[in-house]
Amino acid sequence: MTGIKKNIIAILLPMVVLFAAGCSESLEDINVSPNSLPDTEIDIKFVLTGILSQSATITADLNMGAAEITATTQYLQRDFTSYDRFNFNWQASSFAGYYEPLKDSDYIFERAESEKTGKVKDYYQGVALIMKSYWYGVLTSVFGDLPYTNALQAEKGGDEFFKPVYDDQLTIFKGIINDLGQANTLLTGVGVIQEVADADVVYQGDALKWRKLANSLRLRYYMRLSEKGGIDINPAAEISAIVGNSAEYPILVNNDDNAAIGFVGTNSDNSWYGGPLRSSNRSEFYRRKPSATIVNDLTALGDPRLTAWVRPVDVQIFEGATDEIVEEDGVIKRYTTVDVNTINNDVNKENNIDTSLFVGLPVALTDPNQFQKFADGINANEVIASLDGSVYLAAASNPHASYLTEMYAEDAHPMVKAVLMNAAEVQFILAEASVRGWISNSALDYYNSGIRLSMGQYGISDGDPSTVYDKDNNTLVLFDQGMYMAHVQQIFNDATDKMVPIMHQKWISQWLTPESWFDWRRTGLPNLSVNIIAGTKGQEIPVRFYYDDPFNEENMLQAIGKLQPAENDQWSKMWLLQ
């Protein structure tokens, strides 16, 4: 190999972008010259790294950068600009960008078939099937019917593949479930593939952990299909079979099993969305604020995940005899003569005042830029700046509202990852299955395990000091895990409908992922609609992304015709929800 070629590899492979255009260009058409390489000279382990890294970037964009998912889950709200999407005034979305990891997964599978043998071949093909299944599961759950059977094959030519039909969701889910089953079989007995340990940024070549993900994703999709009658899939029996044979069907059981991808944080392509390398305009971070829903629920529970995810306000509001902003014992406080109780109990929810130390942005305000603003003649930013110059007062600031904690403002942090699936989700799926009578194990045990796993995922331990907000005394106290678990267990025991506490804790555990939106659509839990103040359709929450596929319009229109009602918008129900 020439020195020029070696330089090209050194440049291209760390960037992990060589195959980003794989779905629009034929790899056979790459021109071989002294300044380029045939694709077969690039080991497919680097393509795998590209798929996983790209999956992390897309996941971060979907759950942090974009508005739609976090608007439905009520983890975040937005102010400053473009906040209308948090009122559910959405626009059409293209799914084309999501197909790149799908195409590259197919590419790995095909090259492994011709180039690899034995356990190495089984590893690559199993992982390729899992990543393909993961992304198709996300996309069909978000959009509805999609090109599937004839997708990713444009190199064959002809409208059959250039403009593929939209397969129905049942066909897609069956394909996903079958591929995940095949992946579990392929990966059985494979062990750890050392030659890909550095390229596999999820599980470092550990086939057993990939098997656990495959079977856990099957649990996810069986539960997602559980409300659909008249289909030749029996979710109850399938879940029972997986739980009853852990040797054949291992699943995620601890946080070391989590399918979570960390960020490198050395350039804009490999950094977390909230970091300065990815979002050089710092208002991008500050305009995405935790919602009142998650903040208030965690506060009421005395939950330490609040302080892991959410910062206290820079300037807390208190009722007082005069209107003023002052510094007391090193803390800036704002006093107001407004009767907070009266305002908070009138019919207008737009002007409520939150005097807590942790304050979330209420859901779907008409103008969130007016939240916690006072007509008392005080130039708040000027006074605050004179008292403490370190307080952020630039674009998208609100010193009386909480921001995400500093780890979400960094390019990379060990606790901030793109989570494809975690062990906590599996425990809550099994808790639901137990309540439904599909498995015999204790729903309460699964519920408790899910909570503990969620806390462990964020490094929370019993006895951690100053991690629990005691609202009554307006102070931070240590985390007493025994007391907390007794409290949430009492909530479970007192619940007439055990699904209510299960789905509430599952919602918390799925922080900054889309899973709670899919769960809410299926179960109506938690009851997030009641928190909406000025939504586009009252207190309705959208149920899908709507199509934007002008190149394949005829097939798109046929898919739209199967929605209820047959309108391409965020309110029409896909087959899964009909």
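Bear in mind that the values here come from a model prediction, so they are computed numbers and not experimental data.

So, about the domain arrangement of the chain. Considered domain by domain, the chain is made up of domain 1 (43–263 + 546–577), domain 2 (311–408) and domain 3 (422–511). A straight line from the C-alpha centre of domain 2 to that of domain 3 covers 31 Å. Facing 8 residues of domain 2, the contacting portion of domain 3 comprises 6 residues. Summing the contributions of domain 2 and of domain 3, the shared interface buries around 520 Å²; its carbon and sulfur component is 61%. Together, Ser-356, Leu-357 and Phe-358 form the three largest contributors to the area buried by domain 2 at its contact with domain 3, with a combined 55%. Applying the counting rule to domain 2 against domain 3 returns 0 salt bridges. If you look at where domain 2 meets domain 3, you find 4 residue pairs in polar contact (both at pLDDT 80 or more).

What follows deals with the environment of Tyr-408. Within the element layout of this structure, Tyr-408 appears in the loop between helix H14 (380–387) and strand E9 (418–421). By relative accessible area, Tyr-408 is classed as buried at 2%.

A few words on the pattern of salt bridges. Considering all chains together, one arrives at 29 salt bridges under this definition. We note a salt bridge from Asp-198 to Lys-45, for which the minimum N-O separation is 3.5 Å. Of this pair, Asp-198 sits in the loop between helix H7 (169–187) and helix H8 (207–224) while Lys-45 sits in helix H2 (residues 44–65), placing them 153 residues apart in sequence. By relative accessible area, which is 57% here, Asp-198 ends up exposed.

It is worth spelling out the nonpolar core at this point. Among soluble globular proteins, nonpolar side chains are generally buried collectively. Ranked by internal contacts, the top residues of the largest apolar core, which has 164 residues, are Tyr-123, Trp-210, Trp-309, Tyr-408 and Trp-511. The leading source of residues in this core is helix H5 (residues 118–143), at 15 residues. Counting 6 residues, the second largest nonpolar core, distinct from the first, contains Val-315, Ile-325, Ile-384 and Val-391.

Spatially, 3 strands are ordered E6-E8-E7 in an open sheet, and the strand pairing comes out mixed. The strands lining the two open edges of the sheet, one partner per strand, are strand E6 (316–319) and strand E7 (324–328). The mean angle between the axes of side-by-side strands here comes to 35°, regardless of whether they run parallel or antiparallel. Where E6 and strand E8 (residues 331–336) come together, 4 bridges link them in parallel fashion. Across the sheet, the residue bridging to Ile-317 is Arg-334, located in E8. Sheet strands touched by H14: E7 and E8. Its angle to E7, the strand with the most contacts, is close to 15°.

Once that is clear, we can look at the confidence of the model for the chain. The pLDDT averaged across the chain works out to 93; a share of 93% of its residues lies at or above 70. In this model, residues 1–35 is a region of pLDDT below 50 whose contacts with residues beyond four sequence positions or in other chains number 41 contacts.

Quick look at the packing of H5 against helix H19 (residues 515–523) now. The contact between H5 and H19 brings their axes to 11 Å, and the two run at 50°. As judged from the angle between their axes, H5 and H19 are oblique. Here H5 runs over H19; the crossing is left-handed. Contact with H5, carried on its side by Val-138, Ser-141 and Val-142, involves Trp-517, Phe-518 and Arg-521 of H19 and no other residues of that element. Class assignment of the residues belonging to the contact of H5 with H19 gives a composition of 4 nonpolar, 1 polar and 1 charged.

Further remarks concern the packing of aromatic side chains. Overall, the coordinates contain 32 aromatic pairs when judged by the stated rule. Taken together, a centroid distance of 6.4 Å and an interplanar angle of 65° make the contact between Phe-88 and Trp-90 edge-to-face. Given a relative accessible area of 0%, Phe-88 falls into the buried group. On the numbers, 6.3 Å between centres and 70° between planes, the contact of Tyr-408 with Trp-511 is edge-to-face. One end of the pair, Tyr-408, is in the loop between H14 and E9; the other, Trp-511, is in the loop between helix H18 (499–509) and H19, and 103 residues separate them in sequence. For the pair Tyr-408 and Trp-511, one class covers both residues: buried. Here the aromatic cluster, defined as three or more aromatic residues joined through ring pairs, consists of Phe-88, Trp-90, Phe-95, Tyr-99, Tyr-136, Phe-143, Tyr-148, Tyr-166, Trp-517, Phe-518, Phe-545 and Tyr-547.

Thresholds, definitions, all that
Residues numbered from 1 in each chain as written. Predicted model: local features only at pLDDT ≥ 70, side-chain atom pairs only at ≥ 80, totals over all residues. Heavy atoms only, no water. Domains from an automatic or database assignment. Contact = heavy atoms within 4.5 Å. Buried area = accessible area lost by both parts, 1.4 Å probe. Salt bridge = Lys/Arg side-chain N within 4 Å of Asp/Glu carboxyl O. Polar contact = N/O pair within 3.5 Å; in protein donor to acceptor, adjacent residues only side chain to side chain. Helix = DSSP H or I, 4+ residues; strand = E, 2+ residues; numbered from the N terminus. Buried < 20%, exposed > 50% of the residue type's maximum accessible area, 1.4 Å probe, protein only. Core = buried A, V, L, I, M, F, W, Y, C linked by side-chain atoms within 4.5 Å. Pairing = 2+ DSSP bridges. Axes fitted to C-alpha atoms, helices over the stretch in contact; angles between N-to-C directions. pLDDT = per-residue confidence, 0-100. Parallel < 35°, antiparallel > 145°, perpendicular 65-115°, else oblique. Left-handed = near helix turned anticlockwise from the far one by under 90°. Nonpolar A, V, L, I, M, F, W, Y, C, P; charged D, E, K, R; others polar. Phe/Tyr/Trp six-rings, centres within 6.5 Å; stacked < 30°, edge-to-face > 60°.

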